Amino acid sequence: MKRFKRTLTVAAIIIIMLFIFSNCIQENKSGNDARGNDYAGSAKCGSCHRAIYNSYKNTAHYVSTGQASSETIKGSFHPDSNVYSYRPTLKVTMVKRDSGLYQVASIDGIDKQAQRFDIVFGSGRKGQSYAYWFGDHIFQLPVSYYVPAKTWVNSPNYPPHNVKFNRNVLIGCFECHASFIEKTSEEVANNELVDHFSRENIIYGIDCERCHGAAAKHVVFHEANPQEKKGMYLPASNKLSREEKLTMCSLCHSGPGKTKKSPFYYNPGDKLTDYLYADNSPVTNADIEVHGKQFQLLSASQCFIKSRELNCSSCHNPHVQERDKPALFSQKCMNCHSLANHNFCKIAPEIGSSIVNNCIDCHMPAKPSNVITVMSQSKATNIPALVRTHLIAVYPDEKIRR
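Since we're looking at a predicted model, the values are computed, not measured.

**Quick word on the overall build of the protein chain**
In step 1: Assigned secondary structure in the protein chain consists of 13 helices and 15 strands.
In step 2: Taking all 402 residues of the protein chain together, 39% fall into the buried category.
In step 3: Within the protein chain, residue pairs in contact and separated by at least 24 positions form 57% of the contacts whose partners lie at least 6 positions apart.
In step 4: Summed over all atoms, the accessible surface of the protein chain reaches about 23100 Å², with 56% contributed by carbon and sulfur.

**So, the confidence of the model for the protein chain**
In step 1: Taken residue by residue, the protein chain gives an average pLDDT of 86. The fraction at 70 or more is 87%.
In step 2: Contacts of residues 12-31 to residues separated by more than four positions or lying in other chains number 18 contacts, the stretch itself having pLDDT below 50.

**Some points on the state of the cysteines**
In step 1: Counted under the stated rule, the structure contains one disulfide.
In step 2: Note that Cys 176 is cross-linked by a disulfide to Cys 252, the S-S spacing being 2.5 Å. Its S-S torsion of approximately -100 degrees makes the covalent link between Cys 176 and Cys 252 left-handed. Of this pair, Cys 176 sits in helix α4 (residues 171-177) while Cys 252 sits in the loop between α7 (242-250) and α8 (294-299), and the two are 76 residues apart along the sequence.
In step 3: Among the residues examined, Cys 176 registers a relative accessible area of 27% and is labelled partly exposed.

**Focus on α7**
In step 1: Within α7 the residues assigned to the buried category are Leu 246, Thr 247 and Ser 250. Down the axis of α7, the buried set is contained in an arc of 105 degrees. They therefore lie on one face.
In step 2: Those residues of α7 that are buried are in contact with α8, α9 (302-306) and α10 (312-315).

**Re the sheet that holds strand β2 (residues 83-87)**
In step 1: Taken in spatial order, the four strands make up an open sheet running β2-β3-β4-β5, and their pairing is antiparallel. Whereas interior strands pair on both sides, the edge strands pair on one side only; in this sheet they are β2 and β5 (110-116). With strand direction ignored, the average angle separating the axes of adjacent strands in the sheet is 25 degrees.
In step 2: Two strands pair when backbone bridges link them, and β2 and strand β3 (residues 90-97) are joined in this way by four bridges, in the antiparallel orientation. Note on β3: the bridge partner recorded for Tyr 84 is Val 92.

**Focus on the pattern of salt bridges**
Side-chain pairs of opposite charge can arise where the charged atoms are in close proximity.
In step 1: Applying the stated criterion to the full structure yields nine salt bridges.
In step 2: The partner of Lys 332 in a salt bridge is Glu 322, and the shortest N-O contact between them spans 3.5 Å. One end of the pair, Lys 332, is in helix α11 (residues 326-333); the other, Glu 322, is in the loop between α10 and α11, and 10 residues separate them in sequence.
In step 3: Glu 322 gets classed as buried once you look at its relative accessible area, which sits at 9%.
In step 4: Taken together, the shared-partner salt bridges connect Asp 33, Arg 35, Asp 207 and Glu 209 into one network.

**Thoughts on the environment of Ala 68**
In step 1: Within the secondary structure, Ala 68 is located in the loop between β1 (65-67) and β2.
In step 2: Residues Ala 68 and Ala 131, 63 residues apart in the sequence, show an inter-C-alpha distance of 8.9 Å.
In step 3: Setting aside anything within four residues of it in sequence, one finds Ala 68 in contact with Ile 73, Phe 117, Asp 118, Ile 119 and Val 120.

**Notes on the pairing of strand β10 (residues 151-154)**
In step 1: Looking at chain direction, strand β9 (residues 143-146) and β10 are connected through four bridges and run antiparallel. Each residue of the ladder has a partner; that of Tyr 146, found in β10, is Thr 151.
In step 2: Hairpin geometry of β9 and β10 is characterised by an intervening segment of four residues between the two adjacent antiparallel strands and by a positive phi of about 50 degrees at Lys 150.

**With respect to unusual backbone geometry**
In step 1: One non-glycine residue, Lys 150, adopts positive backbone phi at about 50 degrees.
In step 2: A relative accessible area of 68% places Lys 150 in the exposed class.
In step 3: A positive phi angle, near 65 degrees, is found at Asn 191, a position not held by glycine.
In step 4: With respect to the helices and strands, the residue Asn 191 is situated in the loop between β12 (178-189) and β13 (192-204).
In step 5: Since its relative accessible area comes to 78%, Asn 191 is described here as exposed.

**Regarding the nonpolar core**
In summary, soluble globular proteins display a tendency toward joint burial of nonpolar side chains.
In step 1: Formed by 20 residues in total, the largest nonpolar core has its most connected members in Ile 73, Met 94, Phe 117, Tyr 130, Val 143 and Trp 152.
In step 2: Take this core: its biggest share by element is three residues, from β3.
In step 3: For Val 143, the residues in contact, after removing those within four places along its chain, are Tyr 84, Tyr 86, Val 92, Met 94, Gln 103, Tyr 130, Trp 152, Val 153 and Ser 155.
In step 4: Membership of the second largest hydrophobic core comes to 15 residues, among which are Ile 119, Phe 174, Ile 181 and Phe 197.

**Thoughts on the side chain of Asn 168**
In step 1: Turning to its location among the elements, Asn 168 is positioned in strand β11 (residues 167-168).
In step 2: Given the relative accessible area of 14%, Asn 168 is considered buried.
In step 3: Reaching out from Asn 168, the side chain makes a polar contact with the side chain of Glu 192 at a distance of 3.2 Å.
In step 4: Once you skip the residues sitting within four places of it in the chain, Asn 168 turns out to touch Ile 138, Phe 139, Glu 192, Leu 193 and Val 194.

Reading the values: the criteria
Residues numbered from 1 in each chain as written. Predicted model: local features only at pLDDT ≥ 70, side-chain atom pairs only at ≥ 80, totals over all residues. Heavy atoms only, no water. Helix = DSSP H or I, 4+ residues; strand = E, 2+ residues; numbered from the N terminus. Buried < 20%, exposed > 50% of the residue type's maximum accessible area, 1.4 Å probe, protein only. Contact = heavy atoms within 4.5 Å. Areas by Shrake-Rupley, 256 points an atom, 1.4 Å probe, with all protein chains shown as cover. pLDDT = per-residue confidence, 0-100. Disulfide = S-S within 2.5 Å. Arc of directions from axis to C-beta. Pairing = 2+ DSSP bridges. Axes fitted to C-alpha atoms, helices over the stretch in contact; angles between N-to-C directions. Salt bridge = Lys/Arg side-chain N within 4 Å of Asp/Glu carboxyl O. Core = buried A, V, L, I, M, F, W, Y, C linked by side-chain atoms within 4.5 Å. Polar contact = N/O pair within 3.5 Å; in protein donor to acceptor, adjacent residues only side chain to side chain.

Structure (structure tokens):
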């Protein structure tokens, strides 16, 4: 009898130990992510938040980077539209080969250099640029794609008459276009900073945890307690302060700047100044560029200054594809600007019923960027990319697009 009791006691201890151990392993498995065990990975988020996850997959953030393929590259490889000419004797041709997709530079019809499309930068809404691996370095390819013109173009700010394959890509590009890449080391070569990366540890696009924070504990808890509806171990977005909500977006939408620490590890509630050095310089639409300063432009707007609540999510739902929907944003303007509030558009009678469909083109017009330009082979001069300003104001020269 004593032996039986002792056996039961030992068995109970073993079961308890196995339970504790399995819970530890479960937490580590949920965090089986290139960023570490605190992260669960977006697939885990999608298993419970399926509708939001499926909607988010259609947004530009989700595909801000990706592996290059025939499906992810917007430009054509067809023989009648796969060449960018710098001059009659110097060309780059986009070529499909058994080993992948390539940009091939040739002089007088003789191939001189070929590099493979490995990484796509850009959702393809306005344009895409591309990069290739060379050992553990990443370099930008010389030819990009400009969606409005449906044509291959010289990569932004590249020399107009020479092919350039040696612009190295630094980690800062990934910190706003991807969820993670492991930087293994850095060095200075030829007076330029060069970053070394791990090919295995990269997470493309902006995933759930880039904005919502590390979620492994959240996943472990709710898989063990499916009846609990209150989200645990993740800050609720609606509980964040205005400043904290703005930080979530302005980490990447406040222009390129020097970082204090990597934005890859942002968690909701963190301060912007924990990651970026403060930029208090005044801004105008001359500062507009595809990489940002939208946060500074919004902050300089009277709508923002006079409101205690206005933030990026007041107008943008990051889980939904909202592009080319001016009426949607106009309705959000009219949540504040109405006849009842005596602050409605003064020229509404002149514009007529279409006022409800488009406030945006008048008060947040698309402006040419002075920073990011592309050069088409059919144009003798640079083509500035159009970027919608977030400096909300009255622009007398702008006309509503009916």
